[in-house]
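What follows is each chain in one-letter form.
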Amino acid sequence: MPKIAIIGGTGIYNPKLLDNVKEVEQKTKYGDVKVLIGDYKGIEIAFIPRHGSKHSVPPHLINYRANIMALHHLGVKNILATAAVGSLNYEFKPGQFVLADQFIDFTKSRQNTFFEGGDEGVIHCDMTVPYCPDLRKAIKQAAHNKNIDIQDNGVYVCTEGPRFETAAEIQMFKMMGGHLIGMTSVPEVCLSRELGMCYANISIITNFAAGISTQALTHAEVVDMMRSRVADVRQLVMETLLYVFNDKNCDCTKILDEIGVNK
Ligand code: HPA
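Residues numbered from 1 in each chain as written. Predicted model: local features only at pLDDT ≥ 70, side-chain atom pairs only at ≥ 80, totals over all residues. Heavy atoms only, no water.

**Student:** I would appreciate a short explanation of the packing of aromatic side chains in the present structure.
**Tutor:** Here the distance between the centres and the angle between the planes together describe a pair of aromatic rings. The full count for this structure, using the stated rule, is five aromatic pairs. On the basis of an interplanar angle of 85 degrees and a centroid distance of 6.4 Å, the ring pair of F103 and Y131 is categorised as edge-to-face. One end of the pair, F103, is in strand β6 (residues 97–106); the other, Y131, is in the loop between β6 and α2 (133–145), and 28 residues separate them in sequence. By the ring-pair criterion, three or more aromatic residues cluster together here, those being F103, Y131 and Y199. (Phe/Tyr/Trp six-rings, centres within 6.5 Å; stacked < 30°, edge-to-face > 60°. Helix = DSSP H or I, 4+ residues; strand = E, 2+ residues; numbered from the N terminus.)

Structural data, given as structure tokens:
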């Protein structure tokens, strides 16, 4: 059973560096999910392309609950997620990698919990430290080994999308303390935490956000920048796999004690 999963964002649609890859269709009560499972240096890894293998699913229509529950059913305890993001300031430049440590949620229409009352109960999951500190440490170690520059600590503002933001929205997010802007980390990270899974986000800056850049934004610009960084993303993620251990100091599994069940 794979203990680690990679969720590939824009530009990362296949687990190229895995051996013995097979596709499984994992059933969940939220829908069935195609998951690729393969090996890297003897470590079994699950892989899901968040937007589908042909980037056909927009951020607001991703079945986040099915994806995370499918990984949970497969035995995954750790999720490394990549995400293309815009930058809200000139310190984080296109092409750079940033490890998000916090998020601000501006999504609107997403199903963002597994606990909808009734038989499922109600929980209020702690979100003080949303992204697993131990996984982040593993990513930093991997970046160091591979000589890949990664900035630590970024506040990820998650919007509903699929449209990009107005310049005024970006100014507001900036005043609130945001550094990165994207459309997918919420509810992915929240759902992972509800199931006691460790989750980390590697943000790849593809553009200056609306109004920070003097030009209008295009999806092609995002895709082009991702394409130019994909080799480093792959190296970073694969090297990180070697530093993901089972005995961690994080509190990501504490929620399971709180709810008293392994859902
Ligand atoms: N805004 C929202 N999502 C994004 C952006 C952006 O500027 N760039 C990449 N994903």
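Additional details are given in the paragraphs that follow.
**Student:** Even after reading the chapter, I still don't get the nonpolar core, so can you show me in this structure?
**Tutor:** In summary, soluble globular proteins display a tendency toward joint burial of nonpolar side chains. Among the nonpolar cores identified, the biggest contains 43 residues, and V35, I68, L71, I79, F114 and Y156 are the most heavily contacted of them. No other element matches the six residues that helix α1 (residues 64–73) contributes to this core. Apart from residues no more than four positions distant in its own chain, L71 is found in contact with A5, I7, V35, A46, I48, V76, I79 and M197. Grouped together as the second largest cluster of nonpolar side chains are 34 residues, L99, L135, A200 and V244 included. (Core = buried A, V, L, I, M, F, W, Y, C linked by side-chain atoms within 4.5 Å. Buried < 20%, exposed > 50% of the residue type's maximum accessible area, 1.4 Å probe, protein only. Contact = heavy atoms within 4.5 Å.)

**Student:** Honestly, empty space enclosed by the protein in this entry has me stumped. Any pointers?
**Tutor:** Empty space among the atoms becomes apparent when a probe as large as a water molecule is rolled across them. Within the structure shown, the criterion is met by one cavity of 30 Å³ or more. Of the volumes computed, that of the largest cavity is approximately 110 Å³. Taken together, 13 residues line the largest cavity, and the ones lying closest to its centre are I6, I12, R234, V237 and M238. (1 Å grid on protein atoms, 1.4 Å probe; cavity = no way out; pocket = protein on both sides within 12 Å on 5 of 7 lines; lining within 4 Å. Points joined across faces, edges and corners; volume = space filled by probe spheres on them.)

**Student:** Whenever I open this one, the environment of L217 confuses me. Can you help?
**Tutor:** For L217, the position within the fold is in the loop between β9 (198–208) and α5 (219–241). Given the relative accessible area of 18%, L217 is considered buried. In sequence terms L217 and G161 are 56 residues apart; their C-alpha atoms lie 14 Å from each other. Not counting the four nearest positions on each side in its chain, L217 is found in contact with F164, N207, F208, A209 and A210.

**Student:** Which parts of the structure should I look at to understand α2?
**Tutor:** Since the α-helix advances by 3.6 residues per turn, residues separated by three or four positions end up pointing in the same direction. Taking 1.5 Å of rise per residue, 13 residues should cover 18 Å, and α2 covers 18 Å from first to last C-alpha, within 8% of that figure. Elements in contact with the buried residues of α2: β5 (78–87), β6, β7 (150–159), β9 and α5. Where α2 terminates, the next one or two residues include N147, which has phi positive at roughly 60 degrees. (Expected span 1.5 Å × (residues − 1).)

**Student:** Teacher, can you tell me more about the site of the ligand here?
**Tutor:** Taken together, the residues surrounding the ligand are A84, V85, G86, F164, E165, I181, G182, M183, T206, N207, L217 and V222. A distance of 2.7 Å is found between a nitrogen atom of the ligand and a side-chain nitrogen or oxygen belonging to N207. Within the residue set of the shell around the ligand, elements represented by two or more residues are β5, β8 (180–182) and β9. Top contributing element to the shell around the ligand by residue count: β5, with three residues. A per-class count over the shell around the ligand returns seven nonpolar, four polar and one charged. (Near = heavy atom within 4 Å. Polar contact = N/O pair within 3.5 Å; in protein donor to acceptor, adjacent residues only side chain to side chain. Nonpolar A, V, L, I, M, F, W, Y, C, P; charged D, E, K, R; others polar.)

**Student:** So what exactly am I meant to see when it comes to the packing of α1 against helix α4 (residues 185–194) here?
**Tutor:** Packed helices, taken two at a time, are described by their axes: the angle between them and the distance between them. Running from amino to carboxyl end, α1 crosses α4 at an angle of 35 degrees, the nearest separation of the two axes being 9 Å. Two packed elements cross with a definite hand, and for α1 against α4 that hand is right-handed. Facing α1, whose interface residues are Y64, R65 and I68, α4 presents P187, E188, L191 and S192. When its residues are assigned to classes, the contact of α1 with α4 shows four nonpolar, one polar and two charged. (Axes fitted to C-alpha atoms, helices over the stretch in contact; angles between N-to-C directions. Left-handed = near helix turned anticlockwise from the far one by under 90°.)

**Student:** What should I look at first to understand the side chain of T240 in this one?
**Tutor:** On the secondary structure map, T240 appears in helix α5. For T240, a relative accessible area of 0% puts it in the buried group. Ignoring any residue separated from it by four or fewer positions in sequence, one finds T240 in contact with L80, A138, I139 and A142.

**Student:** I'm lost on the UniProt feature "binding site: substrate" (unreviewed entry) in the protein chain in this one. Help?
**Tutor:** Taken from the UniProt record, the annotation "binding site: substrate" (unreviewed entry) applies to M183, N207, F208 and A209. Secondary-structure assignment places M183 in the loop between β8 and α4. As for its placement among the helices and strands, F208 is situated in strand β9. (UniProt positions renumbered as here; feature names shortened; annotations may be inferred.)

**Student:** I keep staring at a nonpolar patch on the surface and nothing clicks. Help me out?
**Tutor:** Judged by side-chain polarity, M172, M175 and M176 come together as a nonpolar surface patch covering roughly 320 Å² of accessible area. Position of M172 among the secondary structure elements: in helix α3 (residues 167–175). (Patch = residues over 30% accessible without salt bridge, like charges linked within 9 Å, V, L, I, M, F, W, Y side chains within 5 Å. Areas by Shrake-Rupley, 256 points an atom, 1.4 Å probe, with all protein chains shown as cover. Salt bridge = Lys/Arg side-chain N within 4 Å of Asp/Glu carboxyl O.)

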